[in-house]
Amino acid sequence: MTRLKMKRLLLCASIVLNVLLTTIIHTSAQHSGVTYLKGATVVDLTGRAPFQANVILRDGQIESITTSPTVPPDGHVIDVSGDYVLPGFTDMHAHVTFLRDDSYSSYDRATSEQVLKMLLAYGITTVRNPAAPAVESVRLRDDVANGKILGPRILTAGEALNGKPFSTEAEIRAEVKRQAAVGVNYIKVYANSTPQQTAVAIDEAHKHGLKVIGHLQITDWPTAAGLGIDFVTHGVCWSASALPPQKRYEYEEEVRHLGPMKARIFWLESVDVNGPKMNRIIKSLKQHHISVDPTLIAYKTKFIPMERYRGKQNVSLAPRAMQESWIDGGFTADWTPSDYARMQKAWPKMLEIVALYYHEGVLLTTGSDLPNSWVVPGISLHQEMELLSEAGIPTQDVLAMATRNAAAALGLDREIGTVEVGKRADLVILAANPLDDIRNTRRIKYVVTDGKLFQPGSLLTH
Ligand SMILES: [Zn+2]
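None of these values were measured; they are calculated from a predicted model. (Residues numbered from 1 in each chain as written. Predicted model: local features only at pLDDT ≥ 70, side-chain atom pairs only at ≥ 80, totals over all residues.)

> I keep staring at the nonpolar core and nothing clicks. Help me out?
Buried together is how nonpolar side chains tend to be arranged in soluble globular proteins. In this structure, V85 and A201 are the most contacted members of the largest nonpolar core, which totals 136 residues. Here this core takes nine residues from helix 15 (residues 395-410), the largest share from any one element. When residues of this core are assigned to domains, at least three fall in each of domain 1 (3-87 + 418-458) and domain 2 (91-410). Those residues in contact with V85 that lie beyond four places of it in its chain are L37, A40, V42, V43, V55, V80, V419, L427 and I429. (Core = buried A, V, L, I, M, F, W, Y, C linked by C-beta atoms within 7 Å. Buried ≥ 20, exposed ≤ 12 C-beta atoms within 10 Å, placed from the backbone. Helix = DSSP H or I, 4+ residues; strand = E, 2+ residues; numbered from the N terminus. Domains from an automatic or database assignment. Contact = placed C-beta atoms within 7 Å.)

And the structure:
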């Protein structure tokens, strides 16, 4: 038997074992119906200081948060004294319908299911899937909702509108209608969409009651804001119009000659963080209540030498098919050491920009942009929180971005985002205080989704 075969066999054996374990915990929690989290320190993320209480979960909801020691007769007691109970985390940018290559036809359902369990294991109980094959994503979302498979609650967009192949007004409207009929939650507009095309997509989406997520570049953020976009993704727009006028031509030349990814080095070097262009962007985001998921981890993994990520323990935890899709080196495979050195030098400006959004009151959320190269499901959201913390955002507010802010941005703040009576029992239970150190969000003892309690180890299949 080759080593590879042996490895696969062991992997299979561990999958079977984990499936068994998962089933056991799953059914035992479901049987009781009521879970009594005893002696918790509740970090409820409403703004209140942490407090001691017992938390009772019934039928997938938080039934009470109480100092009374009376355990309900049907209660399944979990001792969490010394532990911290928080709302489950949200990854606002998780392409959970895994594609083996860039084509929507390369959808891989088995890996997608593995990704969902991984996300849960890392405390993520809600994801927004911001561009994906519509039919398959809606099916995956509904299979989680119906309890057929295990994973975070999914909200999903369909295929991104990117100028082509839907370029005329009629084509764009027809495609939005089709996706709406399939049952997507959002419409996604991508980088090559012109202002005219973006306007049509937004108009048609809103007619169907669907909000629009923009990963935009040709259409700049203030323009999109004026057109009624609901969300923008990624920390910066990379648009020429965001640069000081004297830098624009050179940037456009770089995009033409070096391609958009390498030109980003010049963009970040040239952007005036406190200048009038950034100011206008921030004003437009605030005025139109547009939330942003900065996805710093997706930038960081691209912009610093890939060797730093290869072979690291994190990467080996990603599903095999995902690791294989990263072998070609991603979007920055052609960068030279000096390109990386320049980008690393400019990198602090990225953190400054995100910190500026924060200080100016832009609604920020947390997203990873998995499965971009080396963006490992689950772990990457914790890395994102660490990067937001590194940008100077207070720990309490970083935690709010991953919970309460995300819920508000998704319009789900009555259901999730805080630990309060009547909310969905989507929780994460940590062995250490995340307010002391954001890295403590990784010290997960239990994850609760829809009232069902799991130990992370039971959800990881390798
Ligand atoms: Zn994305």
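> I'm lost on the environment of A318 in this one. Help?
As for its position among the elements, A318 is in the loop between helix 11 (313-316) and helix 12 (320-325). Assessed through the 26 C-beta atoms surrounding it within 10 Å, A318 is described here as buried. Along the chain, A318 and V376 lie 58 residues apart, while their C-alpha atoms are 5.5 Å from each other. Residues in contact with A318, not counting those within four places in the same chain, are Q323, V376 and P377.

> Please clarify how the sheet that holds strand 12 (residues 291-293) should be interpreted in this entry.
Whether parallel or antiparallel, the strands of a sheet pair through hydrogen bonds between backbone atoms. Strands sit in the order 9-10-11-12 across an open sheet of four strands; the sheet is parallel. Across the chains shown, the open sheet's two edge strands, defined by having one partner strand only, are strand 9 (186-189) and strand 12. For this sheet the average axis-to-axis angle between neighbouring strands, irrespective of direction, equals 25 degrees. Relative to strand 11 (residues 231-233), strand 10 (residues 211-214) is paired through two bridges, and the arrangement is parallel. For I213, the partnering residue across the bridge sits in strand 11 and is F231. (Pairing = 2+ DSSP bridges. Axes fitted to C-alpha atoms, helices over the stretch in contact; angles between N-to-C directions.)

> I would appreciate a short explanation of the environment of L45 in the present structure.
When you line up the elements, L45 lands in the loop between strand 1 (34-42) and strand 2 (51-58). Along the backbone, L45 and A321 are 276 residues apart, and their C-alpha atoms lie at a distance of 36 Å. When sequence neighbours within four positions are dropped, the list of residues in contact with L45 reads L86, P87, L399, A400, T403, R404, T418 and V419.

> Explanation requested: the sheet that holds strand 7 (residues 124-129) in the structure shown.
The three strands are arranged 6-7-8 in an open sheet whose pairing can be described as parallel. The sheet is open, and its two borders are formed by strand 6 (89-91) and strand 8 (153-156), each paired with just one other strand. Adjacent strand axes in the sheet meet at a mean angle of 15 degrees when their direction is disregarded. For strand 7 and strand 8, the ladder comprises four bridges, and the chain directions are parallel. The residue of strand 8 that forms the bridge with R128 is L155. Taken strand by strand, helix 15 contacts strand 6, strand 7 and strand 8, and its axis lies near 55 degrees from that of strand 6.

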